[in-house]
Amino acid sequence: MFESLSERLGGVFDRLTKQGALSEADVDTALREVRVALLEADVSLPVARDFVKAVKGKATGQSVTRSVTPGQQVVKIVHDELVRMLAGDGPADALKIDNPPAAVLMVGLQGSGKTTTTAKLAKRLKEKNGKRVLLASLDTNRPAAMEQLAILAGQIGVDSLPIVKGESAVQIAKRAKTQAAMGGYDVLFLDTAGRLHIDEVLMDEVQSVRDIAQPRETLLVVDGLTGQDAVNVATEFEAKVGITGVVLTRMDGDGRGGAALSMRAVTGKPIRFVGLGEKMDALETFEPERVAGRILG
Ligand code: GDP
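Residues numbered from 1 in each chain as written. Predicted model: local features only at pLDDT ≥ 70, side-chain atom pairs only at ≥ 80, totals over all residues. Heavy atoms only, no water.

Student: Report on the layout of surface pockets, specifying residues and quantitative values.
Tutor: If you roll a probe as big as a water molecule over the atoms, it shows you where there is empty space left. The space that makes up the largest pocket amounts to roughly 390 Å³. Taken together, 22 residues line the largest pocket, and the ones lying closest to its centre are Gly 111, Ser 112, Gly 113, Thr 116 and Arg 250. Among the secondary structure elements, those contributing two or more residues to the lining of the largest pocket are helix H5 (114–129) and helix H6 (143–156). No other element matches H5, which puts five residues into the lining of the largest pocket. Class assignment for the residues of the lining of the largest pocket results in two nonpolar, 12 polar and eight charged. Estimates place the volume of the second largest pocket at around 260 Å³. Around the second largest pocket, the lining is made up of 16 residues, and of these Leu 109, Leu 196, Thr 226, Asp 229 and Val 233 lie nearest the centre. For the lining of the second largest pocket, the leading source of residues is helix H9 (residues 228–240), giving five residues. Along the lines of polarity and charge, the residues of the lining of the second largest pocket split into seven nonpolar, six polar and three charged. (1 Å grid on protein atoms, 1.4 Å probe; cavity = no way out; pocket = protein on both sides within 12 Å on 5 of 7 lines; lining within 4 Å. Points joined across faces, edges and corners; volume = space filled by probe spheres on them. Helix = DSSP H or I, 4+ residues; strand = E, 2+ residues; numbered from the N terminus. Nonpolar A, V, L, I, M, F, W, Y, C, P; charged D, E, K, R; others polar.)

Shown next as structure tokens:
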């Protein structure tokens, strides 16, 4: 198991008996441990470096209060800074779905949990917000994926666009928009095709669909266990398609979730939700506090 940051820092500061203010040397020693903890939690190197620099400025010279040890004090500063960076501009769970029908474009690699997340979000909007939701799969390469979305729609009691063989993704997107408008739906989810890796064909298709669909939200679904890969995927999608937020899946696994911090730092886009299992209810609003605790161990 990972050694928690508190344990690491406790050890470091036991060796330093100085009291009073945190000296630069104390802070440097502590921050080396912080950096290792971040890297172990899958935070990417440049992001870990920047983070440590930001914390150093805040910690150096702070007086150590009597009630806590220097180690606890540094852990608190690190924790607060992590939460601040993860949280960004505040509550992120409200999707922009006014002016019905609002299109939500779901993008990401194959196997990231895109179809599952689409259905989870649809269920949430239906049950929590009383929205009428239409789901459409644009994965023309994988008929099984289209059927899977239709099956999930049936399970959660929302409509899905009838499957018509031989249509392109753009044609499906157009039909879905018409259907959503005519049928009086509030929200239209477009579940785009994934690929195993980012490639140009995929990006071209997603761009064409985006131009037709004019989505209010473009949510990137990424596997939270994939670390640096997740960051690369987020960077590419942000550059080529433009995203409004990220859904991090498989946070029920034993990953430390450092990808959340890296993605936030690199793309500037908020993490909106986390997937916590295969069941349709296993989706929660992103809680910076919880993820910060997990990253620090
Ligand atoms: P897609 O190819 O991106 O559409 O991926 P799917 O939605 O088909 O998901 C791939 C697999 O991951 C399925 O077996 C899902 O049940 C599973 N999955 C999706 N989200 C989560 C999650 O948050 N936690 C876990 N443990 N499994 C998930």
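What follows picks up the thread again.
Student: Describe the pairing of strand S4 (residues 187–191), naming the residues involved and giving the relevant values.
Tutor: For S4, the tally of buried residues reaches five of five residues, placing the bulk of the element in the interior. Where burial is concerned, the two faces of S4 agree: the one with Val 187, Phe 189 and Asp 191 and the one with Leu 188 and Leu 190 are both buried. Where strand S1 (residues 102–107) lies against S4, five bridges are found, and the strand directions are parallel. Along S4, the bridge assignment pairs Ala 102 with Val 187. In this structure, strand S2 (residues 133–137) lies alongside S4, joined through five bridges in parallel fashion. Among the inter-strand pairings, Ala 136 is bridged to a residue of S4, identified as Leu 190. (Buried < 20%, exposed > 50% of the residue type's maximum accessible area, 1.4 Å probe, protein only. Pairing = 2+ DSSP bridges.)

Student: Can you lay out the nonpolar core for me, pointing to particular residues and giving the numbers?
Tutor: In this structure, Val 34, Phe 237, Leu 248, Met 263 and Ile 295 are the most contacted members of the largest nonpolar core, which totals 69 residues. When residues of this core are assigned to their parent elements, the largest contribution, seven residues, is made by helix H4 (residues 70–87). Counting 24 residues, the second-largest nonpolar core is a separate cluster that includes Met 106, Val 133, Leu 149 and Ala 153. (Core = buried A, V, L, I, M, F, W, Y, C linked by side-chain atoms within 4.5 Å.)

Student: Outline the site of the ligand, supporting the account with residue identities and numerical values.
Tutor: Of all residues adjacent to the ligand, which total 17 residues, the nearest are Gly 111, Lys 114, Thr 116, Arg 250 and Asp 252. Between an oxygen atom of the ligand and a main-chain N or O atom of Leu 276, the distance comes to 3.5 Å. Look at the ligand: alone it shows 580 Å² of surface, and the protein chains cover 82% of it. Under a 2 Å grid-point criterion requiring more than half of the atoms, the pocket assigned to the ligand is the largest pocket. Of all the elements, H5 adds the most residues to the shell around the ligand, at four residues. Classifying every residue of the shell around the ligand by side-chain character gives two nonpolar, 10 polar and five charged. (Near = heavy atom within 4 Å. Polar contact = N/O pair within 3.5 Å; in protein donor to acceptor, adjacent residues only side chain to side chain. Areas by Shrake-Rupley, 256 points an atom, 1.4 Å probe, with all protein chains shown as cover. Sits in = over half its atoms within 2 Å of the grid points.)

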